[in-house]
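Residue-level structural notes
This is what each chain is made of:
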Amino acid sequence: MIRPPMSESKRYDAMVERVSALYDRNRQRGVAAWCGHEYDFVCPSTGTYPFQWFWDSCFHAIVLARYDMTRARSEIRSLLRNQPDDGFVGHVTFWQREAFEEMLKEYSIAYRTPYLSDCIQPPLLAEALFAITRGEGGRSVLDELLPKVRKYYDWLDRMRDPDRDGLIAILQPDESGLDHIPKYDAYLGVTEPNRDEFTKAWQRAVGPYAEMQRDHDKMFAADRFVVEDVLVNVIYAENERVLAELHDEAGDSRAAAEMRARAAKSVGSLVKKCWNAKDGLFYDLAGKREDQLDVSTVTSLMPILLQDLPRSMVESLARQIADPKKYGAAWPVPSTALDEPLYMKPSSDRPDLTSKLLWRGPSWINTNWYIARGLRRHGFVDLARTIEDRSAALIERHGFREYYDPYTGEGFGAHAFSWTALVLNMLADHEGIDG
Ligand code: GLC
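This structure is a prediction, so every number in the text was calculated from the model and none was measured.

Side note on the packing of helix α5 (residues 125-132) against helix α6 (residues 138-159)
Taken N-terminus to C-terminus, the directions of α5 and α6 make an angle of 175°; their axes are 10 Å apart at the nearest point. Classified by the interaxial angle, the pair formed by α5 and α6 is roughly antiparallel. Residue-level contacts link Leu-125, Ala-126, Leu-129 and Ile-132 of α5 to Val-141, Leu-142, Leu-145, Leu-146, Val-149, Tyr-152 and Tyr-153 of α6. Tallied by class, residues from the contact of α5 with α6 come to eleven nonpolar, no polar and no charged.

Below, the structure is given as structure tokens:
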């Protein structure tokens, strides 16, 4: 194990030890016969998610970059190794597929090839590239990977923004990374939140894509599930901005200016179309009519990350994040507002992959990381520190679980879950440690 230099903070150092033990345990390494490439990545959880997931892997690289840059770089190289010429990167790479055929029967995933999925996930690849291009050797990694990363954002712009408003659309619920979040219920026609209802509703929405051979023009024209999702687009806009910085570092000011203009357009549309002044929150846009999906979830708070958000909107979001009746839980930040009728308590009666419903209430560490950083950017340091401290305490008491009960802190879902290690980056901010 690589031992990073000790910091001034015992709490941080203890967390580095725990994270590196977790990442050693979840490391997947080998050579894949189907493509002939080596792989080296951290899987989300060996029990339920042994493959390489797109947004998970970006988070893992951001964490690894704090203590093992070599592995952080391998993580992203593995993610991009099978990128097709058009620039797309699938949400799962099934590197060691043959070893898990039984488990795959439980997944319902659209495949581009037997080893690559045909869906997207929230696009934080530029943030991951930023993290792995710091420090020694960073410049050559930038030269190697920036063209591939840019190509990916060009694919999103070309294929997922047919109305050209700077907001990309997801074509099925799990492309948001927030599988069963209640904001989609009404649009999907889900009336009873249980696994069977969801399976039927997803099938209704996305089943016909197979006959369309997953042709994007046809999928958009069918208008069955087209959502300009706020969480996805906040991450998209932030990453367009980060990409501009990376182009600047690489000395390409023209490409940087292009990305800056694209970021400004995305932010402009979020503010203009997704803001709901009555509720003081941001909502996703559904279908060609761009109807706002007005259910209060953690998605609605995500624009706090954006540097250029108008101050009145920032203040409204910060108020709701702090409000104990809404998001200011004992163990923040719940994925659905506590006073939202569709809020659902996590339960250990539904622990298996086939029956659990995700993102309907519990607190998750990846969204906490984004929200705490957003709060810091806008000067709400005390509130950010509370979320950082509480997040760290969750892991210190209950280990790296997939998600936590906002009232009791009890952990649920997968054990030894990898992106929960983002708490290390939150502790670094909390303790004022650079890196
Ligand atoms: C669940 C989450 C998704 C994540 C995946 C692997 O499906 O909803 O966001 O990428 O698990 O951790």
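Topic: the packing of aromatic side chains
Each aromatic ring pair is described using two quantities: the centre-to-centre distance and the angle formed by the ring planes. In total, this model carries 32 aromatic pairs according to the counting rule given. Judged by centre distance (6.3 Å) and plane angle (40°), the rings of Phe-51 and Trp-53 are tilted. Accessibility classification places Phe-51 together with Trp-53 in one group, the buried group. Measuring from centroid to centroid gives 5.3 Å for Tyr-184 and Phe-225, while their planes differ by 80°, and the two rings are edge-to-face. Residue Tyr-184 is located in the loop between α6 and α7 (185-188), and its partner Phe-225 is located in the loop between α9 (216-222) and β7 (227-228); the two are separated by 41 residues in the primary sequence. For the pair shown, Tyr-184 and Phe-225 are each scored as buried. Above the face of the Trp-331 ring, Arg-390 is positioned so that its terminal group lies 4.2 Å from the ring centre.

Quick look at the sheet that holds β7
Pairing in this open sheet of three strands is antiparallel, and the strands run β7-β10-β11 from one edge to the other. The sheet terminates laterally at β7 and β11 (291-293), the two strands that pair on one side only. Bridging between strand β10 (residues 284-286) and β11 involves three bridges; their strand directions are antiparallel. Looking across to β11, one finds that Asp-284 is bridged to Leu-293.

What to know about the site of the ligand
All residues adjacent to the ligand are Pro-44, Tyr-49, Trp-53, Trp-55, Asp-56, Gln-121, Gly-177, Asp-179, Leu-358, Trp-359, Phe-417 and Trp-419. Take Gly-177: an N or O atom from its main chain is 2.7 Å from an oxygen atom of the ligand. A distance of 2.6 Å is found between an oxygen atom of the ligand and a side-chain nitrogen or oxygen belonging to Asp-179. Calculation on the ligand without its partners gives an accessible area of 310 Å², and the protein chains cover 95% of this total. Most atoms of the ligand, that is more than half of them, are within 2 Å of grid points of the largest pocket. Partitioning the shell around the ligand into residue classes produces eight nonpolar, two polar and two charged.

With respect to the pairing of strand β1 (residues 27-31)
As paired strands, β1 and strand β2 (residues 38-42) are joined by five bridges and run antiparallel to one another. When the sheet's bridge partners are listed, Gly-30 is paired in β2 with Tyr-39. From the end of β1 to the start of β2, which pair antiparallel, there are six residues, and Gly-36 there has a positive phi angle of about 75°.

Details of the layout of surface pockets
Any empty space left between atoms is shown by rolling a water-sized probe over those atoms. Within this model, the largest pocket holds a volume of roughly 890 Å³. Lining the largest pocket are 36 residues, with Ser-108, Ile-109, Asp-174, Asp-179 and Trp-202 positioned closest to its centre. Breaking the lining of the largest pocket down by element, the ones donating at least two residues are α2 (54-64) and α8 (195-206). The dominant element in the lining of the largest pocket, judged by the number of residues it contributes, is α8, at six residues. When the residues that make up the lining of the largest pocket are grouped by side-chain class, the tally is 18 nonpolar, ten polar and eight charged.

Calculation rules
Starting afresh in each chain, residues are numbered from 1 along the sequence in its written order. Local features in this predicted model are restricted to residues whose pLDDT is 70 or higher, and side-chain atom pairs enter the listing and the counts only when it is 80 or higher, whereas totals over whole chains, interfaces and linings include all residues. The basis for the side-chain values is all heavy atoms of the structure; hydrogens and waters are excluded. Helix axes use the C-alpha atoms of the stretch in contact, all axes being lines fitted to C-alpha atoms, and the angles between their N-to-C directions lie in the range 0 to 180 degrees. Runs of H or I in DSSP of at least four residues are treated as helices and runs of E of at least two as strands, each being numbered from the N terminus. Roughly parallel refers to an angle under 35 degrees, roughly antiparallel to one over 145, roughly perpendicular to one between 65 and 115, and oblique to any angle outside these ranges. Note on definitions: a residue-residue contact is assigned when non-hydrogen atoms from the two residues lie within 4.5 Å. The classification used treats Ala, Val, Leu, Ile, Met, Phe, Trp, Tyr, Cys and Pro as nonpolar, Asp, Glu, Lys and Arg as charged, and all other residues, Gly among them, as polar. Aromatic rings from Phe, Tyr and Trp, with only the six-membered ring used for Trp, were paired whenever their centres fell within 6.5 Å, and each pair was classed as stacked if the ring planes differed by under 30 degrees, edge-to-face if by over 60, and tilted otherwise. Exposure categories follow from relative accessible area, calculated using a 1.4 Å probe and restricted to protein chains: below 20% of the type maximum is buried, above 50% is exposed, and the middle band is partly exposed. Charge-over-ring placement is defined geometrically: NZ (Lys) or CZ (Arg) within 6 Å of the ring centre, and within 35 degrees of the ring normal. Strand pairing requires that DSSP identify at least two bridges connecting the strands. One heavy atom within 4 Å of a molecule or strand makes the whole residue count as near it. Any pair of N or O atoms that falls within 3.5 Å is considered a polar contact. Within protein, one atom must be able to donate a hydrogen and the other to accept it, and sequence-neighbouring residues count only if both atoms are side-chain atoms. To measure how exposed things are, a 1.4 Å probe is used in the Shrake-Rupley method; for residues, cover is taken only from the protein chains shown. Residues are said to line a cavity or pocket when one of their atoms sits within 4 Å of a point; the points come from a 1 Å grid over protein atoms alone, cavities being sets where a 1.4 Å probe fits but cannot get out and pockets being open sets with protein on both sides within 12 Å along at least five of seven lines. To qualify as sitting in a cavity or pocket, a molecule needs more than half of its atoms within 2 Å of the grid points. Grid points are joined across faces, edges and corners, and a volume is the space filled by probe spheres set on the points.

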